[in-house]
Amino acid sequence: MDKFVTLKSIAIPLDRSNIDTDAIIPKQFLKSIKRSGFGPNLFDEWRYLDHGEPGMDNSSRPLNYEFVLNKPEFRNASILLVRENFGCGSSREHAPWALLDFGIKVILAVSFADIFYNNCFKNGILPITLSKSHIDELFKVSSNQKLEIEVDLPDQRINFLVNKFFEFEIDEFKKNSLINGLDEISLTLEKTQEIKNFEKSYYDLYQWLK
Amino acid sequence: MGRTLYEKIFDKHLVSSSDDTHLIYIDRHLIHEVTSPQAFEGLKINNRQLWRKESIVAVPDHNVPTISRDEGIKDPVSKIQVDALNENCQTHNLLQFKMSDERQGIVHVIGPEQGLTLPGMTIVCGDSHTSTHGAFGALAIGIGTSEVEHVMATQCLIQKKLKTFKIQVSGKLYPFITAKDLALFIIGKIGTAGGTGHAIEFCGNAVESLTMEGRMTLCNMAIEAGARAGLVAVDQTTIDYLKNKPFTPKEEMWSLAVKEWQTLKSDSDASFDKTININASEIEPQVTWGTSPEMVTGITQAVPKLSDIHSSKQPDFQRALKYMGLVENTPLSNIRVDKVFIGSCTNSRIEDLREAAKFIKGKKVNSSIKLAMVVPGSGIVKKQAESEGLDKIFMESGFEWREPGCSMCLAMNADRLEDGERCASTSNRNFEGRQGKGGRTHLVSPAMAAAAAVHGHFVDIREVN
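Report follows, based on the coordinates.

## Quick word on the environment of B:Asp391
Residue and element names in this part refer to chain B.
Phase 1: Considering the arrangement of structural elements, one finds Asp-391 in helix H14 (residues 390-397).
Phase 2: Relative accessible area serves as the criterion here: at 8%, Asp-391 is assigned to the buried category.
Phase 3: With eleven residues separating them in the primary sequence, Asp-391 and Arg-402 have C-alpha atoms 9.3 Å apart.
Phase 4: Ignoring sequence-local partners within four residues, the contact set of Asp-391 consists of Ala-385, Glu-386 and Trp-401.

Below you can see the structure in the form of C-alpha cells.
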C-alpha cells in the first residue's frame, strides 16, 4: 500500500449527505474480479447522462456537466468534500477502489459509515472527520473560490487559505499504518504464535466448534 | 459490573490487544462471488495460505439468475464472477453450495438455515447485511474485501471496540405489524447514522416475541441504522430453531453448546453507551417515501411537508422527492406502484412468504402492475414453500415464482427496475438507482407488498385484510 504523509490539492465540493456506496459505484461494475479500473465509473449515475454498463467506452458517453466532478477545475483533484454519513450502505470495497482510481486520496466529511471508513485505510485513502461547523466553513469558502487544502497527517491538520487550519482526530494505529504504508496482514501474521495459543484454549472450551 | 452481550462475545474472542486496537478471532467466514475474488487473488500474489478452511462457507447469490437455471448464467461478466468462486473453492477445497445445489440461496438465509450460524460465534462476510446473523446472539459484522483477505490469512480481524446501544421495544406489536415495520420505525426514529460506531442490542417483550425469522429481519436492518452489528439475546426460541439443523452440533456436543448459549445475554446490571425505548403499540405498517431508509412513515400518513423538515435537511428532502417523482403531503395510500418484489436477505424466509401468501390467497395482482415476483431466499425455503402450496397461491394470483438469490434487491442480475418505475419492495435499501437506474423503491413488509400488488397502490394491510 502507498504511504500517505501529506497532500495538497483542490477540494471537490460535493454538497450532499448520506452518499451511499451504490451511488459511489453502481452494482453493475461490481462484476469485475479486479481491484482497479473503477475510476471512470465513479458516481456513474450522476456523472453520465446515459446508463453505464461494464465494457462501455466511457470517453464517448454523454457527460452531465452539472455534476461537480465533470467541471474542468476538479478533474485532477484529490480531495473530496462532503457532508454527513458518507459511504453508507453496502460494504463493497469497490467504492474506495473507485475513488482511489479516480485520484481521490482524502475525504472530508462530518461523519462516515463504519465499514466504508475502515475500507479507506486499507487502500491508502485518508477519511477525515471534521465538525459540522468546520465542514460548513469549507463549503462556504469553496462556493466563492477554488479551495486548496494541504493535508498534513503527521500533524493531524488541514491548512487552507492564508494561515487557516483545522485539526482532526485519528486513531494512532490507523495513522501509523497509513504513514508507513503497512500491510496489516503481515502485522497480524507476526502474531501467529499468539493466535495458535488462543486457538488451543478456545477449542478446548468450545469443543463443538472444532 | 455486568457485561453486555456484545462485550461477552467480544471478550471470549480476544486474541491480543494493543491500546484500544484488538485482534479478535473469527469462527465463521461466509463468502460470495462479488467480494471474494480480489481477496483470493491477494492471497495468491503474496503466497499466503488460508488459516482455517473449515471456517469458510461459500455461496453464489448476488449475480445468479432467478429464472430457470438450465442454461446457466447468460451475462458473461456475471458468469466470470461465479466461475471464479467455483474455481477458488475448488482450489482450496472449500464448502460451497453451488448454483445447482438445492441448498444454494442468499448467504444470510442459508447460514442460519444450515446451522452454520451459531450463538456466541464471531461471523464475518464481505457484505453489510451480515448483521442478520446477530439474531442468534452472535457477533456478526460486514467487512470489506481487504478484511476478507485478512480473515482468510489470519482467522482474525483487527477491531476497535464498538459502543453499545440498547433498543428496548416494550409492549406488543399489533396484528399485521411485522419485524420489518419495527425495523423501519426504529430507523425513522434514530436515522441512518443513529447507530454508527455501535453494536445495537434489540430487547424487550416485542423482540422476545419475534420468531427467529423476525429477529433476522430486525438485525438485518441494523446496518441501515448505521450500526455495525445487531444482536438479540439467546432464548428458547433460538435454541428450538437451531435444533437438528444440518450443521448444528449433535448429541453431547449439543447439550454442551446449549449450556454455553444460555449464558449469552446481557447481565441485568450491564451498562450501555446509549439506550432508547420504543413502544411497540405505536407502530403501524411502514412505507418509505424517499431515497434513504430513514425517510419513512406509517401508511396512514403522508409524505412530509417541506416546512416540517429541518432546514439543514431540506436540500436532501427536495432531491429525494424529485428523484421519487413525489410531491410533499401526498398520502402514502395514493402512491401507485409498477412492480412488486418480495425477496432479499431481509424478507425472503418461509415466514415472510407465508405472510404474503396468506393475504394474496384467492386474490389477483392488479392489472396495472407490470411485474410482481417472489424470490425465495434459498432452495430450501423454496422447497418448503412449495410443499405448503404457496407457489401455487402466488402464481394463481399473478405473481412470478422464481429461483433463489439476491435478485432485485440490488439488481446485479437481470431483475431490475426501468427508469421511472416504482416498486413496492421487501428489501432493505431505497437508495437512488439501487434497483436500477432511475428506479423508485418503497420499502415495506411482505404483506404490505402483497397488498400493494393486489390494489395497485399502497394500502393499509389492517384495513383490507
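Additional details are given in the paragraphs that follow.
## Overview of helix H4 (residues 114-121) of chain A
Phase 1: Most of H4(A) sits out of view: eight of its eight residues are buried.
Phase 2: Residues of H4(A) that are buried: A:Asp114, A:Ile115, A:Phe116, A:Tyr117, A:Asn118, A:Asn119, A:Cys120 and A:Phe121.

## A word on the interface of chain A and chain B
Phase 1: The interface is formed by 59 residues belonging to chain A together with 73 residues belonging to chain B.
Phase 2: For the pair chain A and chain B, the interface holds nine salt bridges.
Phase 3: Put simply, B:Glu432 and A:Arg16 hold a salt bridge, and the shortest N to O gap is 3.8 Å.
Phase 4: Summed over the shared surface of chain A and chain B, the number is 36 residue pairs in polar contact (both at pLDDT 80 or more).
Phase 5: For the side of chain A that touches chain B, the elements supplying multiple residues, two or more each, are helix H2 (44-47), helix H3 (94-102), H4, helix H6 (172-180), helix H7 (184-189) and helix H8 (192-205) of chain A.

## Remarks on the packing of helix H12 (residues 350-360) of chain B against helix H15 (residues 446-455) of chain B
Residue and element names in this part refer to chain B.
Phase 1: Packing of H12 against H15 brings their axes to within 8 Å, and their N-to-C directions diverge by 30°. As judged from the angle between their axes, H12 and H15 are roughly parallel. Pair H12 / H15 crosses with right-handed handedness. Residues Asp-352, Glu-355, Ala-356, Phe-359 and Ile-360 of H12 touch H15, and the partners they reach there are Pro-446, Ala-447, Ala-450, Ala-451, Val-454 and His-455.

## Some thoughts on the packing of helix H6 (residues 179-190) of chain B against helix H8 (residues 212-220) of chain B
Each pair of packed helices gets described by two things: the angle between the helix axes and the distance between those axes.
All names here are of chain B.
Phase 1: The contact between H6 and H8 brings their axes to 8 Å, and the two run at 25°. In this view, H6 runs roughly parallel relative to H8, as classed from their interaxial angle. Handedness of the H6/H8 crossing: right-handed. Contacts between H6 and H8 involve Ala-179, Lys-180, Leu-182, Ala-183 and Ile-186 from the former and Gly-214, Thr-217 and Leu-218 from the latter.
Phase 2: For the contact of H6 with H8, the residue count by class is five nonpolar, two polar and one charged.

## Some details on the packing of aromatic side chains
Phase 1: Tallying each qualifying case throughout the model produces 23 aromatic pairs over all chains.
Phase 2: A ring pair is formed by A:Tyr202 and B:Tyr25, whose centres lie 5.6 Å apart and whose planes are at 55°; its orientation type is tilted. Residue A:Tyr202 is found in helix H8, and its partner B:Tyr25 is found in strand E2 (residues 21-25); the two belong to separate chains. For the pair shown, A:Tyr202 and B:Tyr25 are each scored as buried.
Phase 3: Through a chain of ring-to-ring contacts, three or more aromatic side chains come together here, namely A:Phe198, A:Tyr202, A:Tyr203, A:Tyr206, A:Trp208 and B:Tyr25.
Phase 4: In this structure, A:Arg83 is placed above the aromatic ring of A:Phe139, and the distance from its NZ or CZ to the ring centre is 4.0 Å.
Phase 5: Here B:Lys363 stacks its cationic end above the ring of B:Phe359, 4.0 Å away from the centre of that ring.

## Regarding the nonpolar core
Phase 1: Among the nonpolar cores identified, the biggest contains 115 residues, and A:Phe43 and A:Phe86 are the most heavily contacted of them.
Phase 2: The element best represented in this core is H15(B), accounting for eight residues.
Phase 3: With 99 residues, the next largest nonpolar core counts B:Ala138, B:Ile158, B:Leu182 and B:Ile190 among its residues.

## A look at the pattern of salt bridges
Residue and element names in this part refer to chain B.
Phase 1: Tallied over the entire structure, the rule returns 41 salt bridges over all chains.
Phase 2: The salt bridge involving Glu-147 is made with Arg-228; its shortest N-O contact spans 3.6 Å. With Glu-147 in helix H5 (residues 145-154) and Arg-228 in the loop between H8 and strand E11 (229-231), this residue pair connects regions lying 81 residues apart in the sequence.
Phase 3: Judged by relative accessible area, which is 3%, Arg-228 ranks as buried.

Rules behind the numbers
Residues numbered from 1 in each chain as written. Chains lettered and ligands numbered in written order. Predicted model: local features only at pLDDT ≥ 70, side-chain atom pairs only at ≥ 80, totals over all residues. Heavy atoms only, no water. Helix = DSSP H or I, 4+ residues; strand = E, 2+ residues; numbered from the N terminus. Buried < 20%, exposed > 50% of the residue type's maximum accessible area, 1.4 Å probe, protein only. Contact = heavy atoms within 4.5 Å. Salt bridge = Lys/Arg side-chain N within 4 Å of Asp/Glu carboxyl O. Polar contact = N/O pair within 3.5 Å; in protein donor to acceptor, adjacent residues only side chain to side chain. Axes fitted to C-alpha atoms, helices over the stretch in contact; angles between N-to-C directions. Parallel < 35°, antiparallel > 145°, perpendicular 65-115°, else oblique. Left-handed = near helix turned anticlockwise from the far one by under 90°. Nonpolar A, V, L, I, M, F, W, Y, C, P; charged D, E, K, R; others polar. Phe/Tyr/Trp six-rings, centres within 6.5 Å; stacked < 30°, edge-to-face > 60°. Lys NZ or Arg CZ within 6 Å of the ring centre and 35° of its normal. Core = buried A, V, L, I, M, F, W, Y, C linked by side-chain atoms within 4.5 Å.

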